[in-house]
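Each chain is listed here by its residues.
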Amino acid sequence: LLGLEPPTSGEVFLDGQSISRLSRKDVARVLQPVFQDPYSSLNPRETIGEAVRRPLQVHGLGTRAEMDEKVAATLEAVGLPRRVLTSFPSQLSGGQRQRVAIARALVLEPRILICDEPTSALDVSIQSQILNLLKRLVRELELTMIFISHDLSVVRYISDRIAVMYLGKIIELGDAEAIVDQPLHIYTKALMSAIPEPDPRSERHRKRIVLEGEPPSPMNPPDGCKFWPRSPVEHDEMLRTQEPAFEELVPGHWVSNCPYCISKTEPS
(Lines give C-alpha, C1' and ligand atoms only; values in the text may rest on other atoms or scores of the structure.)
Protein backbone atom coordinates (compact mmCIF):
# COMPACT_ATOMS: atom_id res chain seq x y z
CA LEU A 1 0.00 0.00 0.00
CA LEU A 2 2.88 2.37 0.74
CA GLY A 3 4.66 1.49 -2.48
CA LEU A 4 7.74 0.25 -0.60
CA GLU A 5 7.46 -3.19 -2.18
CA PRO A 6 6.08 -3.98 -5.65
CA PRO A 7 2.99 -6.21 -5.51
CA THR A 8 3.43 -9.80 -6.73
CA SER A 9 0.18 -9.32 -8.67
CA GLY A 10 -2.43 -6.64 -9.13
CA GLU A 11 -2.09 -2.91 -8.56
CA VAL A 12 -2.78 -0.36 -5.81
CA PHE A 13 -4.79 2.61 -7.04
CA LEU A 14 -5.03 6.04 -5.41
CA ASP A 15 -7.42 8.56 -6.98
CA GLY A 16 -7.52 6.41 -10.09
CA GLN A 17 -3.73 6.28 -10.44
CA SER A 18 -1.53 3.28 -9.77
CA ILE A 19 0.95 4.21 -7.05
CA SER A 20 3.61 2.33 -8.99
CA ARG A 21 3.46 5.18 -11.53
CA LEU A 22 3.89 7.89 -8.88
CA SER A 23 7.20 9.07 -7.47
CA ARG A 24 8.11 8.18 -3.91
CA LYS A 25 7.72 11.83 -2.93
CA ASP A 26 4.24 12.04 -4.45
CA VAL A 27 3.16 8.92 -2.58
CA ALA A 28 4.68 10.22 0.68
CA ARG A 29 2.70 13.46 0.47
CA VAL A 30 -0.53 11.45 0.55
CA LEU A 31 0.30 8.20 2.39
CA GLN A 32 2.25 8.06 5.65
CA PRO A 33 2.99 5.09 7.93
CA VAL A 34 3.00 4.71 11.70
CA PHE A 35 5.02 1.61 12.54
CA GLN A 36 4.57 -0.99 15.25
CA ASP A 37 7.68 -0.50 17.36
CA PRO A 38 8.21 3.03 18.71
CA TYR A 39 11.65 1.99 19.99
CA SER A 40 13.15 1.14 16.59
CA SER A 41 11.22 3.50 14.29
CA LEU A 42 13.12 6.59 15.48
CA ASN A 43 16.81 7.31 14.88
CA PRO A 44 18.45 7.32 18.34
CA ARG A 45 20.99 9.91 17.17
CA GLU A 46 18.43 12.47 16.04
CA THR A 47 16.61 14.81 18.37
CA ILE A 48 12.83 14.76 18.26
CA GLY A 49 12.83 18.10 16.45
CA GLU A 50 15.20 16.76 13.79
CA ALA A 51 13.17 13.58 13.30
CA VAL A 52 9.88 15.41 12.77
CA ARG A 53 11.53 18.12 10.63
CA ARG A 54 13.17 15.61 8.27
CA PRO A 55 10.12 15.06 5.99
CA LEU A 56 9.74 18.82 5.53
CA GLN A 57 13.40 19.10 4.59
CA VAL A 58 13.20 16.22 2.10
CA HIS A 59 10.23 17.87 0.39
CA GLY A 60 11.64 21.40 0.67
CA LEU A 61 8.59 22.79 2.41
CA GLY A 62 9.27 26.23 3.88
CA THR A 63 12.12 28.11 5.47
CA ARG A 64 13.89 26.79 8.55
CA ALA A 65 11.79 29.06 10.78
CA GLU A 66 8.57 27.90 9.10
CA MET A 67 9.64 24.27 9.46
CA ASP A 68 10.42 24.73 13.16
CA GLU A 69 7.03 26.31 13.78
CA LYS A 70 5.28 23.52 11.87
CA VAL A 71 7.16 20.86 13.85
CA ALA A 72 6.29 22.46 17.20
CA ALA A 73 2.62 22.82 16.23
CA THR A 74 2.44 19.19 15.08
CA LEU A 75 4.00 17.93 18.30
CA GLU A 76 1.49 19.94 20.31
CA ALA A 77 -1.32 18.42 18.21
CA VAL A 78 -0.26 14.94 19.35
CA GLY A 79 0.02 16.00 23.00
CA LEU A 80 3.75 16.70 23.33
CA PRO A 81 5.18 19.97 24.69
CA ARG A 82 7.74 22.05 22.77
CA ARG A 83 10.45 21.16 25.25
CA VAL A 84 10.80 17.68 23.73
CA LEU A 85 12.18 19.25 20.52
CA THR A 86 15.72 18.94 21.88
CA SER A 87 15.20 15.55 23.53
CA PHE A 88 16.47 12.24 22.14
CA PRO A 89 14.25 9.15 21.80
CA SER A 90 16.03 7.45 24.73
CA GLN A 91 14.73 10.22 27.01
CA LEU A 92 11.08 9.49 26.18
CA SER A 93 8.67 6.73 27.16
CA GLY A 94 7.23 4.29 24.64
CA GLY A 95 3.96 6.20 24.47
CA GLN A 96 5.76 9.50 23.92
CA ARG A 97 7.87 7.96 21.16
CA GLN A 98 4.77 6.70 19.40
CA ARG A 99 3.33 10.22 19.60
CA VAL A 100 6.53 11.46 17.93
CA ALA A 101 6.11 8.83 15.19
CA ILE A 102 2.53 10.00 14.65
CA ALA A 103 3.70 13.64 14.50
CA ARG A 104 6.37 12.73 11.96
CA ALA A 105 3.68 11.05 9.83
CA LEU A 106 1.33 14.05 10.12
CA VAL A 107 3.80 16.86 9.49
CA LEU A 108 3.39 16.56 5.69
CA GLU A 109 -0.40 16.78 6.10
CA PRO A 110 -1.14 13.46 4.36
CA ARG A 111 -4.66 12.27 3.59
CA ILE A 112 -4.10 8.66 4.64
CA LEU A 113 -2.34 7.09 7.65
CA ILE A 114 -1.39 3.42 7.54
CA CYS A 115 -0.97 2.26 11.14
CA ASP A 116 0.67 -1.15 11.52
CA GLU A 117 -0.10 -2.48 15.02
CA PRO A 118 0.75 0.97 16.46
CA THR A 119 -0.25 0.09 20.03
CA SER A 120 0.84 -3.54 20.42
CA ALA A 121 4.22 -2.63 21.98
CA LEU A 122 2.65 -0.34 24.58
CA ASP A 123 1.15 -0.87 28.03
CA VAL A 124 -2.64 -1.20 28.07
CA SER A 125 -3.20 2.18 29.72
CA ILE A 126 -0.94 3.88 27.15
CA GLN A 127 -2.64 1.97 24.33
CA SER A 128 -5.96 3.61 25.15
CA GLN A 129 -4.35 7.08 25.09
CA ILE A 130 -2.82 6.47 21.65
CA LEU A 131 -6.07 5.02 20.28
CA ASN A 132 -8.05 8.01 21.52
CA LEU A 133 -5.42 10.32 20.03
CA LEU A 134 -5.69 8.60 16.64
CA LYS A 135 -9.50 8.75 16.70
CA ARG A 136 -9.38 12.47 17.51
CA LEU A 137 -6.83 13.22 14.78
CA VAL A 138 -8.84 11.28 12.18
CA ARG A 139 -11.92 13.28 13.09
CA GLU A 140 -10.29 16.72 13.35
CA LEU A 141 -7.98 16.42 10.34
CA GLU A 142 -10.48 14.46 8.22
CA LEU A 143 -7.98 11.67 7.67
CA THR A 144 -8.46 8.18 6.33
CA MET A 145 -6.73 5.62 8.55
CA ILE A 146 -5.96 2.02 7.66
CA PHE A 147 -5.42 0.34 11.02
CA ILE A 148 -3.79 -3.12 10.91
CA SER A 149 -4.09 -5.19 14.08
CA HIS A 150 -4.52 -8.66 15.53
CA ASP A 151 -6.17 -7.20 18.66
CA LEU A 152 -9.87 -7.63 17.97
CA SER A 153 -10.95 -5.47 20.89
CA VAL A 154 -8.90 -2.60 19.47
CA VAL A 155 -10.27 -3.23 15.97
CA ARG A 156 -13.83 -3.16 17.28
CA TYR A 157 -13.19 0.10 19.15
CA ILE A 158 -11.42 2.12 16.47
CA SER A 159 -12.86 0.96 13.14
CA ASP A 160 -15.66 2.28 10.96
CA ARG A 161 -15.21 -0.62 8.52
CA ILE A 162 -13.41 -3.93 9.03
CA ALA A 163 -11.69 -6.19 6.52
CA VAL A 164 -10.93 -9.69 7.82
CA MET A 165 -7.98 -11.43 6.15
CA TYR A 166 -7.02 -15.10 5.98
CA LEU A 167 -3.86 -16.30 4.23
CA GLY A 168 -3.40 -12.91 2.58
CA LYS A 169 -6.94 -12.70 1.20
CA ILE A 170 -9.80 -10.52 2.39
CA ILE A 171 -12.58 -12.95 3.22
CA GLU A 172 -15.09 -10.52 4.76
CA LEU A 173 -15.54 -6.74 4.52
CA GLY A 174 -18.19 -4.41 5.85
CA ASP A 175 -19.26 -1.88 8.46
CA ALA A 176 -17.64 -2.55 11.81
CA GLU A 177 -20.95 -3.06 13.60
CA ALA A 178 -22.10 -5.64 11.05
CA ILE A 179 -18.79 -7.53 11.08
CA VAL A 180 -18.69 -7.68 14.89
CA ASP A 181 -22.37 -8.36 15.59
CA GLN A 182 -23.46 -10.27 12.47
CA PRO A 183 -20.43 -11.94 10.89
CA LEU A 184 -21.14 -14.21 7.92
CA HIS A 185 -17.94 -16.24 7.45
CA ILE A 186 -17.17 -19.01 9.94
CA TYR A 187 -13.62 -17.69 10.41
CA THR A 188 -14.92 -14.23 11.31
CA LYS A 189 -17.45 -15.83 13.67
CA ALA A 190 -14.62 -17.70 15.41
CA LEU A 191 -12.56 -14.52 15.74
CA MET A 192 -15.44 -12.51 17.17
CA SER A 193 -16.38 -15.27 19.60
CA ALA A 194 -12.83 -15.03 21.02
CA ILE A 195 -13.08 -11.34 22.03
CA PRO A 196 -13.02 -11.24 25.86
CA GLU A 197 -16.13 -9.90 27.56
CA PRO A 198 -15.57 -7.49 30.47
CA ASP A 199 -18.53 -8.99 32.36
CA PRO A 200 -17.61 -12.52 33.52
CA ARG A 201 -21.31 -13.41 33.78
CA SER A 202 -21.67 -12.78 30.03
CA GLU A 203 -18.55 -14.86 29.39
CA ARG A 204 -20.08 -17.92 31.07
CA HIS A 205 -23.07 -17.91 28.74
CA ARG A 206 -21.24 -17.10 25.54
CA LYS A 207 -20.67 -19.81 22.96
CA ARG A 208 -17.23 -20.16 21.44
CA ILE A 209 -16.16 -21.44 18.05
CA VAL A 210 -12.86 -23.28 18.45
CA LEU A 211 -11.16 -23.99 15.14
CA GLU A 212 -9.22 -27.19 14.59
CA GLY A 213 -5.72 -27.48 13.16
CA GLU A 214 -3.14 -24.91 12.12
CA PRO A 215 -3.37 -22.34 9.31
CA PRO A 216 -1.77 -23.62 6.09
CA SER A 217 1.46 -22.07 4.87
CA PRO A 218 0.90 -18.72 3.13
CA MET A 219 3.70 -19.74 0.75
CA ASN A 220 1.72 -22.80 -0.31
CA PRO A 221 -1.97 -22.07 0.31
CA PRO A 222 -4.63 -24.64 -0.51
CA ASP A 223 -6.52 -24.47 -3.78
CA GLY A 224 -10.14 -23.46 -3.84
CA CYS A 225 -11.67 -22.09 -0.64
CA LYS A 226 -8.63 -21.17 1.44
CA PHE A 227 -10.40 -22.11 4.65
CA TRP A 228 -11.57 -25.62 3.82
CA PRO A 229 -8.74 -27.49 5.66
CA ARG A 230 -9.90 -25.91 8.97
CA SER A 231 -13.61 -25.64 8.39
CA PRO A 232 -15.90 -27.61 10.74
CA VAL A 233 -18.12 -28.23 7.69
CA GLU A 234 -16.87 -30.69 5.06
CA HIS A 235 -16.36 -29.07 1.63
CA ASP A 236 -17.15 -30.79 -1.64
CA GLU A 237 -14.48 -31.40 -4.29
CA MET A 238 -15.37 -28.33 -6.36
CA LEU A 239 -14.77 -25.87 -3.51
CA ARG A 240 -11.47 -27.59 -2.74
CA THR A 241 -10.26 -26.66 -6.19
CA GLN A 242 -12.26 -23.57 -7.24
CA GLU A 243 -11.96 -20.38 -5.20
CA PRO A 244 -15.36 -18.89 -4.28
CA ALA A 245 -16.27 -15.40 -5.51
CA PHE A 246 -16.00 -12.39 -3.21
CA GLU A 247 -19.56 -11.06 -3.32
CA GLU A 248 -21.84 -8.50 -1.69
CA LEU A 249 -24.40 -10.76 -0.02
CA VAL A 250 -25.90 -7.99 2.14
CA PRO A 251 -25.79 -4.30 1.11
CA GLY A 252 -22.32 -3.04 2.08
CA HIS A 253 -21.28 -6.45 3.43
CA TRP A 254 -18.91 -8.51 1.26
CA VAL A 255 -17.79 -12.07 1.90
CA SER A 256 -15.97 -14.97 0.29
CA ASN A 257 -19.12 -16.73 -0.88
CA CYS A 258 -18.38 -20.32 0.06
CA PRO A 259 -21.71 -21.98 1.03
CA TYR A 260 -19.95 -24.14 3.63
CA CYS A 261 -18.05 -21.28 5.30
CA ILE A 262 -21.09 -19.00 5.45
CA SER A 263 -23.55 -21.72 6.44
CA LYS A 264 -25.77 -21.32 9.46
CA THR A 265 -23.25 -23.16 11.63
CA GLU A 266 -23.66 -22.03 15.23
CA PRO A 267 -20.99 -22.09 17.94
CA SER A 268 -20.89 -25.28 19.97
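Check the entry above for the structure.
All figures in this text were calculated on a predicted structure; none of them were measured in a lab.

About the cut-offs
Residues numbered from 1 in each chain as written. Predicted model: local features only at pLDDT ≥ 70, side-chain atom pairs only at ≥ 80, totals over all residues. Heavy atoms only, no water. Disulfide = S-S within 2.5 Å. Buried < 20%, exposed > 50% of the residue type's maximum accessible area, 1.4 Å probe, protein only. Core = buried A, V, L, I, M, F, W, Y, C linked by side-chain atoms within 4.5 Å. Helix = DSSP H or I, 4+ residues; strand = E, 2+ residues; numbered from the N terminus. Contact = heavy atoms within 4.5 Å. Salt bridge = Lys/Arg side-chain N within 4 Å of Asp/Glu carboxyl O. Axes fitted to C-alpha atoms, helices over the stretch in contact; angles between N-to-C directions. Parallel < 35°, antiparallel > 145°, perpendicular 65-115°, else oblique. Left-handed = near helix turned anticlockwise from the far one by under 90°. Patch = residues over 30% accessible without salt bridge, like charges linked within 9 Å, V, L, I, M, F, W, Y side chains within 5 Å. Areas by Shrake-Rupley, 256 points an atom, 1.4 Å probe, with all protein chains shown as cover.

Caption draft 1: How the structure looks around the state of the cysteines. Using the criterion set out here, one finds 0 disulfides in the structure. Cysteine C258 shares no disulfide, and the gap to the nearest cysteine sulfur, in C261, comes to 3.8 Å. For C258, a relative accessible area of 0% gives the class buried. In this model C261 remains outside any disulfide bridge; the closest cysteine sulfur is found in C225, 3.6 Å from its own. What makes C261 buried here is its relative accessible area of 1%.

Caption draft 2: Summary view of the nonpolar core. In terms of nonpolar packing, the biggest core is built from 32 residues, with V52, L75, V78, I102, L113, L134 and F147 touching the most fellow members. Secondary-structure elements contributing two or more residues to this core are α2 (48–59), α3 (64–77), α4 (94–106), β4 (112–116), α5 (124–141), β5 (144–148) and α6 (152–158). Beyond its immediate sequence surroundings of up to four residues, L75 is in contact with I48, V52, L80, V84, L85 and A103. Y166, M192, C225 and L239 belong to the second-largest nonpolar core, a separate cluster that totals 21 residues.

Caption draft 3: Summary view of the pattern of salt bridges. A complete count under the given rule lists 12 salt bridges for this structure. A salt bridge links R64 to D68; the nearest nitrogen and oxygen atoms lie 3.2 Å apart. With R64 and D68 both in helix α3 and 4 residues apart, the pair spans about one turn of that helix. Given a relative accessible area of 31%, D68 falls into the partly exposed group. We note a salt bridge from R82 to E76, for which the minimum N-O separation is 2.9 Å. Residues joined by salt bridges that share partners form a network here, namely R53, R64 and D68.

Caption draft 4: Examining unusual backbone geometry more closely. In the Ramachandran plot, E109 falls in the positive-phi region, its phi being about 55° despite a non-glycine side chain. Of note, the phi angle at E142 is positive, near 55°, even though the residue is not glycine.

Caption draft 5: Seen up close, the packing of α2 against α4. The interhelical angle for the contact between α2 and α4, taken along N-to-C directions, is 25°, at an axis separation of 7 Å. Compared by their axis directions, α2 and α4 come out roughly parallel. The two elements α2 and α4 cross, and the hand of that crossing is right-handed. Packed against α2, whose contacting residues are I48, A51, V52 and P55, the element α4 presents V100, A103 and R104 at the interface.

Caption draft 6: Structural view of a nonpolar patch on the surface. Taken together, the side chains of M165, I170, F246 and W254 present a nonpolar region at the surface, about 350 Å² in accessible area. Along the chain, M165 turns up in strand β6 (residues 161–166).

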